[in-house]
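Letter by letter, the chains look like this.
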Amino acid sequence: MLAVRDRQDRAAFGALFDYYAPRVKGMLMRKGCGHGQADEIVQDVMLTVWRKAAMFDPQRAQVSAWIFQIARNRHIDVIRKESRPMPEELAQEPDAEPDASQVLGMEQEAKQLKEALARLKPAQREMIEAAYLGELSHRELSEKTGLPLGTIKSRIRLGLDKLRHELKGMRAE
Amino acid sequence: MSAISHHIPEPLMAAYAAGSLPRPYALVVAAHVSMCDACRATVAAHEVAGGVVLDEMVKAPVEEDLKASVLALLDAPVDPEPEPVKRSGVYPGPVMEALKGRPPRWKSLGMGVKQCILETGDTGSVRLLHIPGGRAVPDHSHNGLELTLVLQGSFSDETGRFGVGDVEVGDEDLEHTPVADDGPPCICLAATDAPLRFNSLIPRLLQPVFKI
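Residues numbered from 1 in each chain as written. Chains lettered and ligands numbered in written order. Predicted model: local features only at pLDDT ≥ 70, side-chain atom pairs only at ≥ 80, totals over all residues. Heavy atoms only, no water.

**Considering the layout of surface pockets**
All names here are of chain B. Rules: Note on definitions: the grid is 1 Å and covers protein atoms alone; a cavity is a set of points where a 1.4 Å probe fits but cannot get out; a pocket is an open set with protein on both sides within 12 Å along at least five of seven lines; lining residues have an atom within 4 Å of a point. Grid points are joined across faces, edges and corners, and a volume is the space filled by probe spheres set on the points. Secondary structure elements are taken from DSSP: a helix is a run of H or I of four residues or more, a strand is a run of E of two residues or more, and numbering for both begins at the N terminus. Residues are grouped as follows: nonpolar covers Ala, Val, Leu, Ile, Met, Phe, Trp, Tyr, Cys and Pro; charged covers Asp, Glu, Lys and Arg; every other residue, Gly included, is treated as polar.
For the second largest pocket, the calculated volume is near 300 Å³. Forming the boundary of the second largest pocket are A98, L99, K100, R102, P103, P104, R105, K107, Q115, C116, I117 and L118. Here the lining of the second largest pocket gets four residues from one element, more than from any other, and that element is strand β2 (residues 113-121). Class assignment of the residues belonging to the lining of the second largest pocket gives a composition of seven nonpolar, one polar and four charged.

The following block contains the structure:
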């Protein structure tokens, strides 16, 4: 993903396509899209990945999380014909070198989350999948999804604090 | 500015990240997240979980020529995306977007209380409320779930004080009498899944403040 972001590397984008396109399509079909419609949305999603690559910040998001939210937004646009209210974007410092330990930390957190999901009983796992695929309403979602998100939140918060700090430094210059 | 102490409950954050939260609530979440880094991190954490689910998704093969057509489109000129609507005054970006970039057009409800309906539809409604300091917040029926985000000033009720950035979660069980604190008018963003009930609003507003 960073090769796509920093060098507009087409081969790297091709690899991202091979990995994510069938998974995004799987997600869309689970959400009720037919083959043709799902393919169209996959195309939009992958083009957005290419065009918005500069906005990807590995200190605050994982590639799969970033593509997950692009696919979710595009699905809402197409199916509900409405745009999704989005928070204000945080400005990003151009050319900032990502903090390697923070990026690694994000990767480790995501890996641990994946392992935690794998350890769940099938019924609970299905519930989590249903929740994140938008099949459960906010009323059906219980207080806890059963996934340990606390440490990931802290990790992302670190990335946010760092970004705020950098932005403040930029303004002060 | 005092720190935000009332946040969005976890199930609503998960539903927002999953894309299943009805639009009126999603607007309140987006506005709150614009003001609150703790909740911004919470949404991002749920998106990491969504990404994990995406990673584990059963693959559905795409049409053979889809990759070639996507690659061919990489250099195609695209219309520049419209710039995201920026925050203006006390109104965060997503609220300004719902206002279509214009200042709110207030409608008086009497007693100095004003409202501006942003959206109303099948999934509920969302509006801005403007309550002068010392006045009671109109009784917005708690038939369903109601989220109220403070954008300016503050209000207090039996459950506590709500300042800028705080969200009060009201449901059928919440019986309260919120009153805007003295000082600048309290401006709130309020979303509900119950239909708007204007009728019940008027009699309540006609009651002298000290009797409420």
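**Things to note about the UniProt feature "domain: RNA polymerase sigma-70 region" (unreviewed entry) in chain A**
Our working definition: UniProt positions are given in the numbering used here, feature names are shortened, and annotations may be inferred rather than shown by experiment.
UniProt feature "domain: RNA polymerase sigma-70 region" (unreviewed entry): in the numbering of this structure it lies at residues 16-84 of chain A. Here residues 16-84 of chain A runs as 72% helix and 0% strand, with 25 Å between its end C-alpha atoms.

**What about helix α6 (residues 122-132) of chain A?**
Selection criterion: Note on exposure labels: buried denotes an accessible area under 20% of the residue type's maximum, exposed denotes more than 50%, and partly exposed covers the range between, all computed with a 1.4 Å probe on protein chains only. Residue contacts follow a heavy-atom distance rule, with two residues in contact if any of their heavy atoms lie within 4.5 Å.
Of the residues making up α6 of chain A, those classed as buried are I128, E129, A130, A131 and Y132 of chain A. Where α6 of chain A is buried, its residues touch α2 (10-30), α4 (63-80) and α5 (100-119) of chain A together with α1 (10-18) and α3 (37-55) of chain B. Downstream of α6 of chain A by a residue or two, G134 of chain A has a phi angle that is positive, lying close to 80°.

**Quick notes on the pairing of strand β9 (residues 186-192) of chain B**
Residues and elements named next belong to chain B. Here is the rule: What makes two strands pair is DSSP finding at least two bridges between them.
A large share of β9 lies buried, amounting to seven of its seven residues. The two faces of β9 match: C186, C188, A190 and T192 on one face and I187, L189 and A191 on the other face are all buried. Where strand β3 (residues 124-131) meets β9, seven bridges bridge the pair, whose relative direction is antiparallel. Note that in β9 the partner of S125 across the bridge is T192. Sheet topology places strand β4 (residues 146-152) next to β9; six bridges connect them, and they run antiparallel. Its bridge partner lying in β9, T148 is registered against A190.

**Describing the domain arrangement of chain A**
When the parts of a complex come together, some accessible area is lost, and that lost area is often used as the size of the interface. Residues and elements named next belong to chain A. Put simply, the rule is: The start and end points of each domain follow an automatic or database-based domain assignment. Accessible surface is computed with a 1.4 Å probe, and the buried area is the amount of it that two parts give up when combined, taken over both parts together. A side-chain nitrogen of Lys or Arg and a carboxyl oxygen of Asp or Glu constitute a salt bridge if their distance falls within 4 Å.
Each assigned domain of chain A is listed with its residue range as follows: domain 1 (2-82) and domain 2 (113-167). In this structure, domain 1 and domain 2 have C-alpha centres spaced 20 Å apart. Opposite the six residues of domain 1 that make contact, domain 2 presents ten residues. A buried area of about 770 Å², summed over both sides, lies between domain 1 and domain 2, and 50% of it is on carbon and sulfur atoms. The three residues of domain 1 that bury the most area against domain 2 are R30, Q59 and R60, which together make up 69% of that side's buried surface. Between domain 1 and domain 2 we count two salt bridges in total. Across the pair E135 and R30 runs a salt bridge whose closest N-O atoms are separated by 2.9 Å.

**Some thoughts on the pattern of salt bridges**
As a working rule, side chains carrying opposite charge can pair if their charged atoms are close by. Residues and elements named next belong to chain A. The full count for this structure, using the stated rule, is 24 salt bridges over all chains. Across the pair D39 and K25 runs a salt bridge, and its minimum N-O distance is 3.0 Å. Here D39, found in helix α3 (residues 35-51), pairs with K25, found in helix α2; they are 14 residues apart in sequence, far enough to count as distant. With a relative accessible area of 7%, D39 lands in the buried category. Ionic pairing is found between D77 and R74, a salt bridge with its closest N-O pair at 3.8 Å. Of this pair, D77 and R74 are both found in helix α4, three residues apart, which corresponds to roughly one turn of the helix. The class for R74 is partly exposed, based on a relative accessible area of 29%.

**Points about the interface of chain B and chain A**
Condition: N or O atoms closer than or at 3.5 Å make up a polar contact, with two conditions inside protein: a donor-capable atom paired with an acceptor-capable one, and, for residues adjacent in sequence, both atoms drawn from side chains.
Taken residue by residue, the interface counts 62 residues in chain B and 68 residues in chain A. A combined buried area of about 5800 Å² lies between chain B and chain A, and 63% of that area is made up of carbon and sulfur atoms. The largest contributions to the chain B side of the interface with chain A come from L54, D55 and L74 of chain B, which together make up 11% of the buried area. Inspection of the chain B/chain A interface yields nine salt bridges. Ionic pairing is found between R139 of chain A and D193 of chain B, a salt bridge with its closest N-O pair at 2.7 Å. Here chain B is connected to chain A by 24 residue pairs in polar contact (both at pLDDT 80 or more).

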